[in-house]
Amino acid sequence: MKPCTVGKRHSWTFVRNVVTSHMNGRFGRITKRGIYRCECGAAKYGNHVHQAEGCAQ
Ligand SMILES: [Zn+2]
């Protein structure tokens with residue numbers, strides 16, 4: 001990861017969730033991750049953010 005160009009450290013802002021599915025024969029596995037972006041343009045994958053209605057998280 002490159003150092004941040006707009007600050008001492010990257011300040012990650014949650015952008016959206018992504019769902020990736022891996023198919024393996026009859027079995028599928030789904031990975032939920034969140035995309036985070038910094039003002040400098042860097043992006044990373046992080047924890048999936050629960051966005052259900054009524055959830056205060
Ligand atoms: Zn940055």
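See the structure above.
Asker: What am I meant to see in the coordination of the zinc ion here?
Answerer: Each pair of donors in an ideal octahedron of six around a metal sits at 90 or 180 degrees, and each pair in an ideal tetrahedron of four sits at 109.5 degrees. The protein atoms that coordinate the zinc ion are C4 (SG), H10 (ND1), C38 (SG) and C40 (SG), at distances of 2.1 to 2.4 Å. Sequence spacing among the residues donating to the zinc ion works out to C-x5-H-x27-C-x1-C. Of the two residues, H10 sits in the segment before β1 (13–24) while C40 sits in the loop between β2 (27–37) and β3 (43–46), which places them 30 residues apart along the sequence. Overall, C40 belongs to the partly exposed group, its relative accessible area being 25%.

Asker: Help me understand the sheet that holds β2 in this model?
Answerer: Two pairing modes exist for strands in a sheet, parallel and antiparallel, and in both the strands are linked by backbone hydrogen bonds. Reading across from one edge, β1-β2-β3 is the order of the three strands in this open sheet, with antiparallel pairing throughout. Taken across any chain shown, the strands that pair with only one partner, and hence form the sheet edges, are β1 and β3. Between one strand axis and the next, the sheet turns through 35° on average, direction left out of account. Inspection of the sheet shows β2 paired to β3 by four bridges, in the antiparallel sense. By the bridge assignment, R37 is partnered in β3 with A43.

About the thresholds
Per chain, residues are indexed from 1 in the order of the written sequence. Side-chain atom pairs in this predicted model are given and counted only at pLDDT of 80 or more, local residue features only at pLDDT of at least 70, and totals for whole chains, interfaces and linings cover all residues. Hydrogens and water molecules were not included; the side-chain quantities draw on all heavy atoms of the structure. Only nitrogen, oxygen and sulfur atoms count as donors, using a 2.8 Å cut-off from the metal that widens to 3.2 Å for Na, K and Ca. Water is left out, so coordination shells may look unfilled. Helix numbers and strand numbers start at the N terminus; a helix is a DSSP run of H or I with at least 4 residues, a strand a run of E with at least 2. Think of it in three bands: with a 1.4 Å probe and only protein chains considered, a residue is buried below 20% of the maximum accessible area for its type, exposed above 50%, and partly exposed in between. For two strands to be treated as a pair, DSSP must find no fewer than two bridges joining them. Geometry is summarised by axes, namely lines fitted to C-alpha atoms with helices restricted to the contacting stretch, and by angles between N-to-C directions that run from 0 to 180 degrees.

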